[in-house]
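Next come the chains, spelled out residue by residue.
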Amino acid sequence: MTDAASEAASGQTEATTPASTTYFVAAGPGFYDSRIAAVPENAVLVQADTYASIMTAINNGATLSADANGNPVIKDGTGNVITPASVKADTSYAPVQTLQSKAQDELSAQQTLVMRNYTVFGDATPDAWITYLKALRAIADGSDTTSTALPSAPAS
């Protein structure tokens, strides 16, 4: 007798886990799995494929919010609404970093490096580093509007 047949004959069957149902609640915003948590009254049912697309978009930099009816809405880095059906696993939905913001980040990091390697020890900062930091600062503060790339850091 097969295992299934012996279970049926004995009246014992393996317990089945109920299917997951996902809900979205605008306050938060957040998702609820009906198997894990009590679902709030104002929750909106989300189909499994829509939920999967939303999570893919969020993992790729999109943001989650709710529309006026409490339905989940995903947006890319520029604020454009993304339809769940159009989500692609290999697409970034994060904000595009401008040259100015890249320069601000790089300036902060390189100033720390210069302070640790020279200033803290009372050593003079090499001219190449001063020139480099000033070029970054000009891009970061917007006074250099012609550069299209960050300058290269000095070799030493």
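Relevant structure appears above.
The present account deals with the structure reproduced in this document. All values reported here derive from a predicted model rather than from experimental measurement.

1. A word on the environment of alanine 48
Relative to the helices and strands, alanine 48 is located in helix α2 (residues 48-59). Taking relative accessible area as the criterion, alanine 48 reaches 62% and is therefore assigned exposed. For the pair alanine 48 and threonine 21, spaced 27 residues apart in sequence, the C-alpha to C-alpha distance is 7.7 Å.

2. Observations concerning the nonpolar core
Ranked by size, the top nonpolar core spans ten residues in total: Ala103, Leu107, Val114, Tyr118, Trp129, Tyr132, Leu133, Leu136, Ile139 and Ala140. When contributions to this core are tallied by element, the ones reaching two or more residues are α3 (99-117) and α4 (127-141). A per-element tally of this core places α4 first, with six residues. Beyond its immediate sequence surroundings of up to four residues, leucine 133 is in contact with Leu107, Gln110, Gln111 and Val114.

3. Re the pattern of salt bridges
The full count for this structure, using the stated rule, is one salt bridge. The salt bridge partner of arginine 35 is aspartate 33, with a shortest N-O separation of 3.0 Å. Judged by relative accessible area, arginine 35 falls into the partly exposed class, the value being 45%.

4. Thoughts on the packing of aromatic side chains
Scanning the model with the defined rule gives three aromatic pairs in all. With a centroid separation of 5.2 Å and 55° between ring planes, the pair formed by phenylalanine 24 and phenylalanine 31 is classed as tilted. Ring centres of tryptophan 129 and tyrosine 132 lie 5.6 Å apart, and the angle between their planes is 80°; on these two criteria the pair is classed as edge-to-face. One end of the pair is tryptophan 129 and the other is tyrosine 132, both in helix α4 and three residues apart, which spans about a single turn.

5. A few points about the pairing of strand β4 (residues 63-66)
In this structure, β4 lies alongside strand β5 (residues 72-75), joined through four bridges in antiparallel fashion. The residue bridging serine 65 from the neighbouring strand is valine 73, located in β5. Between the end of β4 and the start of β5, which pair antiparallel, lie five residues, with glycine 70 showing a positive phi angle near 85°.

6. Quick word on the packing of α3 against α4
At a closest axis distance of 8 Å, the pairing of α3 and α4 adopts a crossing angle of 150°. Crossing hand, α3 versus α4: left-handed. Facing Leu99, Gln100, Ala103, Gln104, Glu106, Leu107, Gln110, Gln111, Leu113 and Val114 of α3, the residues of α4 in contact are Trp129, Tyr132, Leu133, Leu136, Arg137, Ile139, Ala140 and Asp141.

Quick notes on the rules
- Sequence order as written defines residue numbering, which begins from 1 separately in each chain.
- The predicted nature of this model means local features are confined to residues of pLDDT at least 70 and side-chain atom pairs, given and counted, to a pLDDT of 80 or more, with totals for whole chains, interfaces and linings taken over all residues.
- Side-chain figures throughout are based on the complete set of non-hydrogen atoms in the structure, without hydrogens or water.
- Where helices and strands are cited, they refer to DSSP runs of H or I of at least four residues and of E of at least two residues respectively, numbered from the N terminus.
- Only protein chains enter the calculation, and the probe is 1.4 Å; a residue is then buried if its accessible area is under 20% of its type maximum, exposed if over 50%, and partly exposed in between.
- Buried Ala, Val, Leu, Ile, Met, Phe, Trp, Tyr and Cys residues that are joined via side-chain atoms within 4.5 Å together make up what is termed a nonpolar core.
- We call two residues contacting when some pair of their heavy atoms lies within 4.5 Å.
- The working definition used for a salt bridge is a side-chain nitrogen of Lys or Arg within 4 Å of a carboxyl oxygen of Asp or Glu.
- Put simply, two rings from Phe, Tyr or Trp (the six-membered ring, in Trp's case) pair if the centres are within 6.5 Å, and we call them stacked under 30 degrees between planes, edge-to-face over 60, tilted for the rest.
- What makes two strands pair is DSSP finding at least two bridges between them.
- Here, axes are lines fitted to C-alpha atoms. For helices the fit covers the stretch in contact, and angles between N-to-C directions go from 0 to 180 degrees.
- Take the far helix as your reference; a near helix turned counterclockwise from it by less than a right angle gives a left-handed crossing, and one turned clockwise gives a right-handed crossing.

By themselves, these figures tell us nothing about what the structure is for.
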